[in-house]
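Observations on the three-dimensional arrangement
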Amino acid sequence: MLTNNQAADIFERIKKHSTADEVEVLFSGGKSALTRFANNIIHQNVAEENYAVSVRTVFGGRTARSTTNKLDDESLKRVVQSSESLAKVQHPDPDLLPVADKRDAGATREVSPTRHFTETAAVTPQQRAETVKKIVSIADKYKLTTAGIVSTSESIEAVFNSRGLSDWHTQTSSEVSITMLAPDSSGWQKANFPNVANLDAATLAEIAARKAIDSAKPSEIPAGKYTVILEPAAVLDIVGFMFFDFGGLAILDQRSFLNNRVGTKLFGDNINIWDDVAHPLQSGVPFDGEGVRRHKLQLVENGVINRLVYARATAEKMKRSEYKDKVGPVAPTGHGFPLPNEMGEAPMNIVFGETPQPSSIEQMISSTERGVLVTRLWYIREVDPYEKILTGMTRDGTFYVEDGKIRYGVRNFRFNQSLIQMLSNVETMGAPVRASGEESFDMVVPAMKVRDFNFTEVTKF
């Protein structure tokens, strides 16, 4: 693995090659390995170690970035020359700030527990194969076909600049994704943890298998508005579509569903949402693309849109804009992406608040007279950006619930659903858990029981 000292040495070499007013260097990469299986056998095993060095140079308000994965001196010289050549032909950016110094960045938040686990970094191909063996044995037991991945990684992210800022983060990751296939049904489970000891592939495989078995010979029920019980993965994938709208630049560009809504009650009283990189169930880097520490922020408080997130330059622009008195506190929050970029910023460590009396999924089912249990959602797309209406489909375990019991599997639905309405109609929630999906980034979210969820069409599978 690339070390902090090695990265610092590379940065010093880059500075010697540069004639720019300012230099900023981002490091990323590490070791990753993946074992892929399908039709109950392993068919691919790959491993890679790679590091990217991304150099941003500044000449009098003009900036550009160039990236390489070659760390020899000649390659570093070329990447600096490339960045400088690009910067010199840019139009000056009146909003460009000097690269951050330690005062701008603030103290980096400590994350606890550690995000780097030696046991995860040391996982071997044989150990991943043994994990797949457990999954396949469960598929064989139930006469199902399974497919998925088992992966592990060890990664670094760092930022160094010519104003003396340097910050370093390393973490590990372990992930399993399992699909169980029957002739006319399927089940799915996925999980991701920094610590491989928390990854229980056998239990996930049993759950996925049970969903495939219990949803066999699916019945067709009509589309319409139903009470739905969304498992955490389903919650994650649908709510993930709103968080880029919490960036200050999205407000300035008039492309956020929160335009003219900050400080207003948009969701139900029971909806509280934080961005908190240091939460024990979260993972990720405690500083942003400029090295500014990530702040813990309550974005939504009892349904009210409470805060936005800001990169340094966006905060300055907002203070000069017509919106400055309509968006709550305005200050850099450590949520910017590497410059230059057109996205601005976004909260990437979402944590839903605890509910006073969390309900298990079984309790949600037992309290439902008529509804639908949804394992996951997929192929989600935005229909109406301002009302945040999304469309997509259920998948891999959709069940009809009646009189407090799961009755049978049903054919999947297409939905057209406003996130605003959905988060206003949450009747009960479970305890927030670390969840993984396919359409959004990992979050800490609860299962939710939601009334009047709008299914618009029945599929044929």
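A brief look at the structure comes next. Quick caveat: nothing in here was measured; it's all calculated off a predicted structure.

Below, the discussion takes up the layout of surface pockets. The space that makes up the largest pocket amounts to roughly 690 Å³. For the largest pocket, the lining is made up of 35 residues, of which Glu 157, Gln 171, Gly 284, Val 285 and Arg 294 are closest to its centre. Of all the secondary-structure elements, those providing two or more residues to the lining of the largest pocket are β1 (22-38), β2 (41-59), β4 (145-161) and β5 (166-182). Broken down by class, the residue content of the lining of the largest pocket amounts to 14 nonpolar, 16 polar and five charged. Taken as a whole, the second largest pocket encloses approximately 580 Å³ of empty space. Every element with two or more residues in the lining of the second largest pocket is listed here: β6 (185-193), α6 (201-214), α7 (232-239), α10 (361-366), β12 (370-384) and β17 (433-435). Counted by class, the lining of the second largest pocket contains 15 nonpolar, six polar and eight charged residues.

Once that is clear, we can look at the packing of aromatic side chains. Applying the stated rule across the entire model yields 12 aromatic pairs. Ring geometry for Phe 413 versus Phe 455: centroids 4.4 Å apart, planes at 20°, classification stacked. Residue Phe 413 is located in strand β15 (residues 413-418), and its partner Phe 455 is located in strand β19 (residues 448-458); the two are separated by 42 residues in the primary sequence. For Phe 413, a relative accessible area of 0% corresponds to the buried category. An aromatic cluster is built from Tyr 226, Phe 413, Phe 415, Phe 453 and Phe 455, whose rings are joined through pairwise contacts. The ring of Tyr 386 has Arg 261 sitting right over it, with the charged end atom 3.9 Å from the ring centre. Geometry around Trp 188 places Arg 376 over its ring, the cationic atom sitting 4.5 Å from the centre.

In this section: the sheet that holds β5. Taken in spatial order, the six strands of this open sheet run β3-β2-β1-β4-β5-β6, and their pairing is antiparallel. Two strands bound the open sheet, and with one partner strand each, they are β3 (62-68) and β6. For this sheet the average axis-to-axis angle between neighbouring strands, irrespective of direction, equals 15°. Here β1 pairs with β2 via 17 bridges, running antiparallel. Across the sheet, Glu 22 pairs through a bridge with Val 58, a residue of β2. Packed on one face of the sheet, helix α1 (residues 4-17) meets β1, β2, β4 and β5 and runs near 135° to β1.

Cut-off values and rules
The written sequence of each chain sets the order in which its residues are numbered from 1. Reporting in this predicted model follows two pLDDT cut-offs: at least 70 for local features of residues, and 80 or more for side-chain atom pairs to be given and counted; totals over whole chains, interfaces and linings ignore these cut-offs and use all residues. Excluded from the side-chain calculations are hydrogens and water; all other atoms, namely the structure's heavy atoms, are used. Cavities and pockets were defined on a 1 Å grid built from protein atoms only: a cavity is a group of points that admits a 1.4 Å probe but offers it no way out, a pocket is an open group of points flanked by protein on both sides within 12 Å along at least five of seven lines, and a lining residue is one with an atom within 4 Å of any such point. Grid points are joined across faces, edges and corners, and a volume is the space filled by probe spheres set on the points. The helix count covers DSSP runs of H or I at least four residues long, the strand count covers runs of E at least two residues long, and both are numbered beginning at the N terminus. For this classification, Asp, Glu, Lys and Arg are treated as charged, while Ala, Val, Leu, Ile, Met, Phe, Trp, Tyr, Cys and Pro are nonpolar and the rest, including Gly, are polar. Working definition: rings of Phe, Tyr and Trp (its six-membered ring) pair if their centres are within 6.5 Å, and the pair is stacked with planes under 30 degrees apart, edge-to-face with planes over 60 apart, and tilted otherwise. Only protein chains enter the area calculation, which uses a 1.4 Å probe; residues under 20% of their type maximum are buried, those over 50% are exposed, and those in between are partly exposed. The criterion for a charge sitting over a ring is simple: Lys NZ or Arg CZ within 6 Å of the ring centre, and within 35 degrees of the ring normal. Paired strands, in this sense, are two strands between which DSSP finds at least two bridges. Axis definition: a line fitted to C-alpha atoms, limited for helices to the stretch in contact. Angles are taken between N-to-C directions and run from 0 to 180 degrees. Only heavy atoms matter for contacts: two residues are in contact if any of them lie within 4.5 Å across the pair.

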